[in-house]
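# Remarks on the overall topology
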Amino acid sequence: MSLKCLYFSVLRISRKMLIAQILLLICIVCYLTAKPLIKDTNCPAQDPAVINFQKYLRIDTSRSENLYKAVNLLQSLATDIGLEFAVYEPAGKPICVLTWPGTESSLPSIMLNSHVDVVEADGVGWMYPPYAAHIDEHCNIYARGAQDSKDLGIQYIEAIRRLKNQNVTLQRTIHVTYMPDEEIGGFQGMREFLKMKKFKELNVGFVLDEGLGSQSDENLYVTYQDKRAWSMKFTVEGIGGHGSFMPKDVAVTKLNRLLNVMIDYRTSLEEAMKSVNQLHSGPYTAMNINMINGGYAPNVIPSSFSLVADMRLATTANATEMLSLAKSWAEYAGNGTKLEFLRREMDALATPVDNSNPYWITLRDTVYDLGFNVTPIVLPATSDSLFVRNYGIPAFGFAPLFNTVQRIHNTNEYINVHVFMRGIEVYEVLIKNLGNLASVINFK
Ligand SMILES: [Zn+2]
């Protein structure tokens, strides 16, 4: 090899090496600056609490025939921890009550409520099957019910398990309750349970129920009042017949009038909504027209149409005035328009969130000591707590669900396992503090 050749081959090697080094450097920079697509190697996926949670999530409780599978699971968990277990069926569906007796039976008990049922999920649009409770590489469990409210149902039990393992005893009795039908109104669950003699015997002084999650990792929400749910069905009637005729008084004309007047009202509600802080839904009424039915063939004029509207009343709305308004819409639509209520809650009492309420002080201070602020808000929807507060028992909706995108009733409902486990720690302290709140006998 000549000197000239040697010179050029060395130059070629070093140029190749230089390119290789640059590529390596680019790879290192990409790796270090990439979003954490890296596997969560600290995921406590094998923790017994997580495994119990997965067992619960894998029962498709959107189907009422599966409710008893959940009852069996809850019974086995209760037996495992040493809690008393009872099932009541005031209206044909099972309500489970797990009881941890306190040392002072004269004190009012604490009730920790959640619901077993979930809304349906057909799997369309889901990354994983909705009843598989799959844990992905980021330590997120995907399942229907993961945020609403099977997370709470297991967190309560696992928190009590930890307290019992530490030989903690509480002054107050704790009842962990599981309702069967919150998603369809609670008419065979909480509403009927409260009428039972057995419920009175539980001597409940305060209820914690499902609440709203938070995207923040330092602020949680407490709901102290629900909005009143009104579900209104209007039926308009007119002359039917062959599709080739043009009768004057057809049902669709009345439907059109009804839609116009209701949509005008809805537009005014949108304006009212814009004027308030979006976090606080109490000051405005919400309304949506969610179902319109009528007609069965392209060449037949239907003799009736029905329309269903879902309304959530502002906390300050006057129910009597609202009723007159709905009746006026039916009149405006035209003769023969019927109005019936599928649901009409006239009252939705609030639980105080001030220093007069020792349960509020305990909740707020406990959660604060654990590193979270709590913001009291009105629940934009309606939950089982509405029945509890109207019965005269103070109740808060609460969920230690932080740093979580809300996916309730949506596809890809999930909870991060670390968030789930932290929630158990939150309840561990909260249950202990509420259970030892000895000074309050009769706060209503
Ligand atoms: Zn729920």
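Quantities reported herein were computed from a predicted structural model and do not represent experimental measurements.

The sheet built from 4 strands is open, its strands ordered 11-13-9-14 with antiparallel pairing. Each edge of the sheet is formed by a strand with only one pairing partner; in this case those strands are strand 11 (286-294) and strand 14 (338-344). Each strand axis lies, on average, 20° off the axis of its neighbour in the sheet, ignoring direction. The pairing of strand 9 (residues 228-237) with strand 14 spans 6 bridges and is classified as antiparallel. Paired with lysine 233 across the two strands is glutamate 340, which belongs to strand 14. Against the sheet, helix 7 (residues 251-274) engages strand 9, strand 11 and strand 13 (304-313), with an angle of about 15° to strand 13. In the packing of helix 8 (residues 319-333) onto the sheet, contacts are made with strand 9, strand 13 and strand 14, and the angle to strand 9 comes to roughly 15°.

Overall, antiparallel pairing links the 3 strands, which are arranged 4-5-17 in an open sheet. If you trace the sheet from one side to the other, it starts and ends with strand 4 (134-135) and strand 17 (414-416), each paired once. Sheet topology note: the strand 5 (residues 140-142)/strand 17 ladder contains 3 bridges and is antiparallel. Across the sheet, tyrosine 142 pairs through a bridge with tyrosine 414, a residue of strand 17.

Along the chain, the position of aspartate 47 falls in the loop between helix 1 (3-33) and helix 2 (48-57). Residues aspartate 47 and valine 417 lie 370 residues apart in sequence; the distance between their C-alpha atoms is 9.7 Å.

Between helix 4 (residues 150-165) and helix 11 (residues 417-435), whose axes approach to 8 Å, the crossing angle comes to 60°. Classified by the angle their axes make, helix 4 and helix 11 are oblique. Along this stretch, helix 4 crosses helix 11, giving a crossing that reads as right-handed. Contact residues: Asp151, Gln155, Tyr156, Glu158, Ala159, Ile160, Arg162 and Leu163 in helix 4; Phe420, Gly423, Ile424, Tyr427, Glu428, Ile431 and Lys432 in helix 11. Tallied by class, the residues present in the contact of helix 4 with helix 11 amount to 8 nonpolar, 2 polar and 5 charged.

Looking now at helix 9 (residues 358-369). Each turn of an α-helix holds 3.6 residues, which means side chains three or four residues apart point in the same direction. Helix length check: helix 9 (12 residues) gives 16 Å between terminal C-alpha atoms against 16 Å at 1.5 Å per residue, within 8%. Taken together, the buried positions of helix 9 are Tyr359, Trp360, Leu363 and Val367. One face of helix 9 carries all of its buried residues, which in axial projection span an arc of 100°. Away from its buried face, by an angle of more than 90 degrees, helix 9 presents the exposed residues Asp365, Tyr368 and Asp369. Among the structural elements, strand 7 (204-209), strand 8 (219-226), strand 15 (373-379), strand 16 (395-398) and helix 11 are those in contact with the buried residues of helix 9. Phi turns positive, to about 100°, at glycine 371, one or two residues after helix 9.

Conventions and cut-offs
- Residues numbered from 1 in each chain as written.
- Predicted model: local features only at pLDDT ≥ 70, side-chain atom pairs only at ≥ 80, totals over all residues.
- Pairing = 2+ DSSP bridges.
- Helix = DSSP H or I, 4+ residues; strand = E, 2+ residues; numbered from the N terminus.
- Axes fitted to C-alpha atoms, helices over the stretch in contact; angles between N-to-C directions.
- Contact = placed C-beta atoms within 7 Å.
- Parallel < 35°, antiparallel > 145°, perpendicular 65-115°, else oblique.
- Left-handed = near helix turned anticlockwise from the far one by under 90°.
- Nonpolar A, V, L, I, M, F, W, Y, C, P; charged D, E, K, R; others polar.
- Expected span 1.5 Å × (residues − 1).
- Buried ≥ 20, exposed ≤ 12 C-beta atoms within 10 Å, placed from the backbone.
- Arc of directions from axis to C-beta.

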